[in-house]
Amino acid sequence: MEGVSFDMHETQKTEPRTRWADRRRRRKRHDDNTGREDRRGQDRSGKVPETIYHLLVQCSFARSCWHLSVLNWSHTPMESFWDWFSHILLQHSSTAQEELLMVLWAIWYARNEVVWRDKSMSAAEVILLARVVLNQWRNAQQRRMGSLLVPTGSRVDLEHWVKPVMGKIKVNVDGAIFASDGRFGAAGVARDSQGRFIEGFTVLRVGCVDSAMAELVGVKEALSWIKRKHWGPVEIETDSLVVVQAVQSTVEIPSPFGLQVAVCRSLLADLPLVSINFVKRSVNKAAHCLARSSCLYPDRVIFFLL
């Protein structure tokens, strides 16, 4: 085309530079937010080297994580990470040693989320992640052909939806993310012991969230819905293990996710005949389809007229 020039060699030179510039900017934001390390491998004061020991043990964020773990150890200065690691191993049981390893991994994971994806995690979220993954690993050791370690009552062996027992209502919940629109939705489907549809709902919210938050909002809306209907007993099923474990845990999570978890715990306390269980995604197809339609039919209550 006339008046347009294009230098392939120049493009090949500048594009990698742009990517590295983006990475440097993300790293700088990480340094400014944490106040610990800069690109020279030191903290902002220039006095503490950026070592594995400092990153995983000595920095303030790492100490906050360790205080929430089962170890809950008091900081004792050591010469190196290996000295600290060996000292901790000798002081604790094998169960605590397993959590030690997972917390180390989770702290490193949180660091990478900040540096490369510009996503921050609280200390409580780090511990929750470590324990969820650890529970999955422990179950894999116990049941080589089994699935995840889940709370009592969950049916991870099921591949298809099963009717609830006589007199009980089953509510399946799922979430959906509409990233291009900057929105997310959730839906719930209630059926009786004969498998007959009772009622359903959809909600649509503005915001960019992950799948766990979308699922959690769905569970919260389902609990509020059940409370308004005065239903009981009710069994809620969701295919988000993280949500089930977070709601049934006693760990306080100081984050937007944690605020929603606290609301769900409060609602469950008022609904003694309601339980929440984890199921496979294949069991949750009806709620999944309805959640995907929440962008077209937002904030609706669906029911059949007889």
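This structure is a prediction, so every number in the text was calculated from the model and none was measured.

Asker: Would you mind going over the sheet that holds strand β3 (residues 197-206) with me for this structure?
Answerer: Strand pairs in the sheet, formed through backbone hydrogen bonds, run parallel or antiparallel to each other. Strands sit in the order β5-β4-β1-β2-β3-β6 across an open sheet of six strands; the sheet is mixed. Of all strands in the sheet, those bounded by a partner on one side alone are β5 (274-278) and β6 (301-302). Pairing geometry for strand β1 (residues 169-178) and strand β2 (residues 183-191), over nine bridges, is antiparallel. Looking across to β2, one finds that V171 is bridged to A190. Contacts from helix α8 (residues 241-248) reach β4 (234-238) and β5 within the one sheet, and its direction differs from that of β5 by about 140°.

Asker: Help me out: how do you make sense of the nonpolar core in this one?
Answerer: The nonpolar side chains of a soluble globular protein tend to be buried with one another. Counting residues in each nonpolar core, the largest one holds 39 residues, and the members touching the most others are V171, L223, W231, V234, I236, F257 and V274. At ten residues, helix α7 (residues 211-229) tops the list of elements feeding residues into this core. Discounting chain neighbours no more than four positions away, the residues touching W231 are I169, V171, A190, I198, E199, W225 and I226. W66, W84, A96 and A106 belong to the second-largest nonpolar core, a separate cluster that totals 25 residues.

Asker: Where do I start with the confidence of the model for the chain in this structure?
Answerer: Low pLDDT marks stretches whose predicted atomic positions should not be read closely. Here the chain averages 79 in pLDDT, while 75% of its residues score no lower than 70. Ignoring residues within four places in sequence, the model shows residues 1-20, a span with pLDDT below 50, making two contacts including any to other chains. Across residues 144-149, where pLDDT falls below 50, the model places eleven contacts with residues more than four positions away in sequence or in other chains.

Conventions used here
- Residues numbered from 1 in each chain as written.
- Predicted model: local features only at pLDDT ≥ 70, side-chain atom pairs only at ≥ 80, totals over all residues.
- Heavy atoms only, no water.
- Pairing = 2+ DSSP bridges.
- Helix = DSSP H or I, 4+ residues; strand = E, 2+ residues; numbered from the N terminus.
- Contact = heavy atoms within 4.5 Å.
- Axes fitted to C-alpha atoms, helices over the stretch in contact; angles between N-to-C directions.
- Core = buried A, V, L, I, M, F, W, Y, C linked by side-chain atoms within 4.5 Å.
- Buried < 20%, exposed > 50% of the residue type's maximum accessible area, 1.4 Å probe, protein only.
- pLDDT = per-residue confidence, 0-100.

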